[in-house]
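Analysis of the macromolecular model
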Amino acid sequence: MTLAVRLRSAVSLLGRFPALAGVDLDVAEGEVVLVQGANGAGKTTLLRACAGLAAFASGEAEVLGHDLRRDRKAVRRRIGLLGHATFLYDDLTVADNLRFAARAAGASAASADEAMTALGLDGRLREVAVAKLSAGQRRRAAVAVIVARRPDLWLLDEPHAGLDAAGRDLLDALVRGAATRGATVVLASHELDRAAAIASRTVTMAGGQVIGGLLARPAPTMEPVHVA
Amino acid sequence: MWRDAALVAGKDLRVEARSRVAINQVVPFALLVLVVFAFALDSDRDTLTRVGPGLFWVTVLFSGLLAIQRSFVIEASDDARDALRLSGLDGAGIFLGKALAVAVQLVALEAVLTVGVVVLYNVRLHDPLLLVLTALATTVGLAAAGTVYGIIAAGLRVRDTLLPLLVLPVLAPALLASARACEAALTGAPGDGWPWVRLLFVFATIYVTFGVVAFGPLLEEA
Amino acid sequence: MTTPPVRVGTPTTRILGWLTAVSLALTAVMALVVSPPDVNMQDSVRLLYLHVPTAWLAMYVSFGVTTLASVLYLWKRTRSRFWDLTAGASAEIGVLFLGLTLLIGSIWGRITWGVWWTWDARLTTTAVLFVLYLGYLAVRKVPATPEVAARRSAIVAVAAFLDVPIVHQSVEWWRTLHQDATILDERRLLDPQIHGSMAWTLLLGVVAFTLLYCWLLAHRFQLAALEDRFADRQLQVAIDERRAEAVTS
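What you are looking at is a predicted structure, and each value in this text was computed from that prediction instead of being measured.

1. Some thoughts on the sheet that holds strand E10 (residues 209–212) of chain A
Residues and elements named next belong to chain A. Spatial ordering of the open sheet is given by E6-E7-E8-E3-E9-E10, a layout of 6 strands whose pairing is mixed. Each of the sheet's edge strands pairs with one partner strand only, and the pair in question is strand E6 (79–82) and E10. Taken pair by pair, the neighbouring strands of this sheet meet at an average axis angle of 25 degrees, ignoring direction. By the bridge criterion, 3 bridges tie strand E9 (residues 201–206) to E10 in an arrangement that is antiparallel. Considered in E10, the bridge of Ala 206 is made with Gln 209. Sitting on the sheet, helix H1 (residues 43–50) touches strand E3 (32–37), E6, strand E7 (153–157), strand E8 (184–188) and E9, and the angle it makes with E8 is about 150 degrees.

2. Regarding the interface of chain C and chain A
In many analyses, interface size is given as the accessible surface area lost on bringing the parts together. With 13 residues of chain C in contact, the opposing surface of chain A contributes 15 residues. Its residues assigned to classes, the side of chain C that touches chain A comprises 7 nonpolar, 3 polar and 3 charged.

3. Here we look at the pairing of strand E4 (residues 56–63) of chain A
The side chains of a regular strand alternate between both faces of the sheet. All names here are of chain A. Here strand E1 (residues 3–14) runs beside E4; their pairing, made up of 6 bridges, is antiparallel. Opposite Val 11, over in E4, you have Ser 58 as the bridge partner. Sheet analysis places E4 next to strand E5 (residues 66–67), joined by 2 bridges and oriented antiparallel. Across the sheet, Val 63 pairs through a bridge with His 66, a residue of E5. In sequence, E4 turns back onto E5 through a hairpin of 2 residues, with Leu 64 there showing a positive phi of about 50 degrees.

4. Focus on the environment of Tyr89(A)
In this structure, Tyr89(A) sits in the loop between E6 and helix H2 (94–104). When neighbours within four sequence positions are excluded, Tyr89(A) is seen to be in contact with Asn97(A), Val130(A), Val15(B) and Ile74(B).

5. Points about the environment of Val8(B)
Residues and elements named next belong to chain B. Inspection of the secondary structure puts Val 8 in helix H1 (residues 2–19). By the C-beta count within 10 Å, which is 25 here, Val 8 ends up buried. In sequence terms Val 8 and Ala 101 are 93 residues apart; their C-alpha atoms lie 8.3 Å from each other. If sequence neighbours within four positions are ignored, Val 8 has contacts with Leu 89, Gly 93, Ile 94, Gly 97 and Lys 98.

6. Quick notes on the packing of helix H6 (residues 128–153) of chain B against helix H7 (residues 159–186) of chain B
Residue and element names in this part refer to chain B. At their nearest, the axes of H6 and H7 sit 9 Å apart, and the two run at 170 degrees to each other. The angle between H6 and H7 places the two elements in the roughly antiparallel class. Listed contacts from H7 to Leu 130, Leu 131, Thr 134, Thr 138, Gly 141, Leu 142, Ala 145, Gly 146, Tyr 149, Gly 150, Ile 152 and Ala 153 of H6 are Arg 159, Leu 162, Leu 163, Leu 166, Val 167, Val 170, Leu 171, Ala 174, Ser 178, Ala 181, Cys 182 and Ala 185.

7. Some words on the interface of chain B and chain A
Facing the 18 residues of chain B at the interface are 19 residues of chain A. Residue assignment for the side of chain B that touches chain A shows that the elements contributing at least two residues are H1 and helix H4 (80–86) of chain B. The element best represented in the side of chain B that touches chain A is H1(B), accounting for 6 residues. For the side of chain B that touches chain A, the per-class residue count stands at 8 nonpolar, 3 polar and 7 charged.

The rules behind each value
Residues numbered from 1 in each chain as written. Chains lettered and ligands numbered in written order. Predicted model: local features only at pLDDT ≥ 70, side-chain atom pairs only at ≥ 80, totals over all residues. Pairing = 2+ DSSP bridges. Helix = DSSP H or I, 4+ residues; strand = E, 2+ residues; numbered from the N terminus. Axes fitted to C-alpha atoms, helices over the stretch in contact; angles between N-to-C directions. Contact = placed C-beta atoms within 7 Å. Nonpolar A, V, L, I, M, F, W, Y, C, P; charged D, E, K, R; others polar. Buried ≥ 20, exposed ≤ 12 C-beta atoms within 10 Å, placed from the backbone. Parallel < 35°, antiparallel > 145°, perpendicular 65-115°, else oblique.

Have a look at this one:
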């Protein structure tokens, strides 16, 4: 059982504030892990740190085989982070954004097109500037960016927020599809029922630590869901 | 690195093409500065011809600061650095791409301003080769140095005051050199101008190199 | 990275302090009383006894130390908080002395030449240097994790250092090409054939100010190191408080 994420006593600072105050976490490859916790527990920082954005002040941190204490940059091409900010350029169209993101990550323009189709952003919407989209459509575009990059580790911060019912179902299907293909998914969400349904395991965070559901178990076999 | 640079430059220029900030705001601002100076300097044709080069480059400098600020503002309003870092692009490539995009915009601005200076200040253009090379070298240096300091100031609350403070002392010699070179060209003494152009090329080389080396580490901030 | 302790109040720093005070007092006496007025400048030459040492200190010693310390910080093998703190402390002292230099120089210029300022190579470079290091200090104040802030400041310091010769060379060129016929032939005035007690006073002044710099640097460094250690301790407290949140929630 290879580990996609391995954290031991990881401390990560936001300025001088210890957002992560000693996190122990194992995530096996192919798992879908739900991270739950109150606001301010450190979920967002956990995801950002695993993405190589936030630095670790102490402890051990290994993501996809990369030691994040030594080099945070190498891992970034292999992860897809869905954050609170959309990381999209407001003035560019959906198609422009997707193609840029795909090519930047070393994927082809074709995967950008597939991603747009998968998220229901085809036809007229492709050539609309992101600033003119609704919040839900922008969220779909942000998810499409991740799909286009084909990452090995999906880090989703409140992915269901802002999506309509169809969008949420779509996201769940995408997560299952990604896991089937061998990618690992870690998502933080307050939508516990929906998220628990797609997750193989739940961990709880509080006070900058993981306080429940620590260690990985082999992922249970699930019905593969094909994305239409 | 070059592939990443082309990608980023293309993206930045596409953003500018769609949003038209430079065209709608920066260029009119620059032209307005030229006009206002003409009023302030009592529109004596001789005076204007003499101060033309200096004014031109000061205007380009301040407009350049605006362009550089804009270059980083577009990088996702929440955190200018996250998007760039997540993209997986090479730091040096991002630097070259951004600096190139700024340089292209500045060249377009300079073309417009040249027309403005010729028309409003009655300046006659001699020695186009010297002028063009001066403009190229200065623009590259300005874009490179500005982009490096731009990433330092990006995303900070104090960025609008910090960027000029950091960048103006660095660009002062380039301003001096470009004004002197243009002056030499316009007064029909190009021999005086070429040493200044050499200095500008050295300046541009230093700051492009510096940017390629330092931009990546400067981008990596938690 | 833990900061190595630098202690003040030790016998070394006390002796240093006394030496500094004594040499400064001696310089004052020599400058104001003992040495004679200059042939050309009369008594205004006494300002130079203050101006030259502060200039030398600020431009070569302080900023030289800042640059060197920044380079040492950036180089992996010698990276240490020590160099970052030294760079910052030295820059602060340098900016202070440089401000003094510009002020006194300006007054002297007014007395001697009738102008507060002139755009020659040396003065322009000094002014640009002043602004460059103000910028450096501004960058140091930007909040960030210590390692990130240190690396960023070090890069800015090196960039500032690289800019100085460029500025000097370009303004130097500008002035010679323009050949401004000026009565301000400061080369003649500022490097006069000084000998005797005037030369000794100048030398004494330089020594006194160097001692002052060392003393100030040690104390400013100590202050910075203490702040750093305090912040580290605050961090541990913050971590414990954060972990306690887990229990209460």
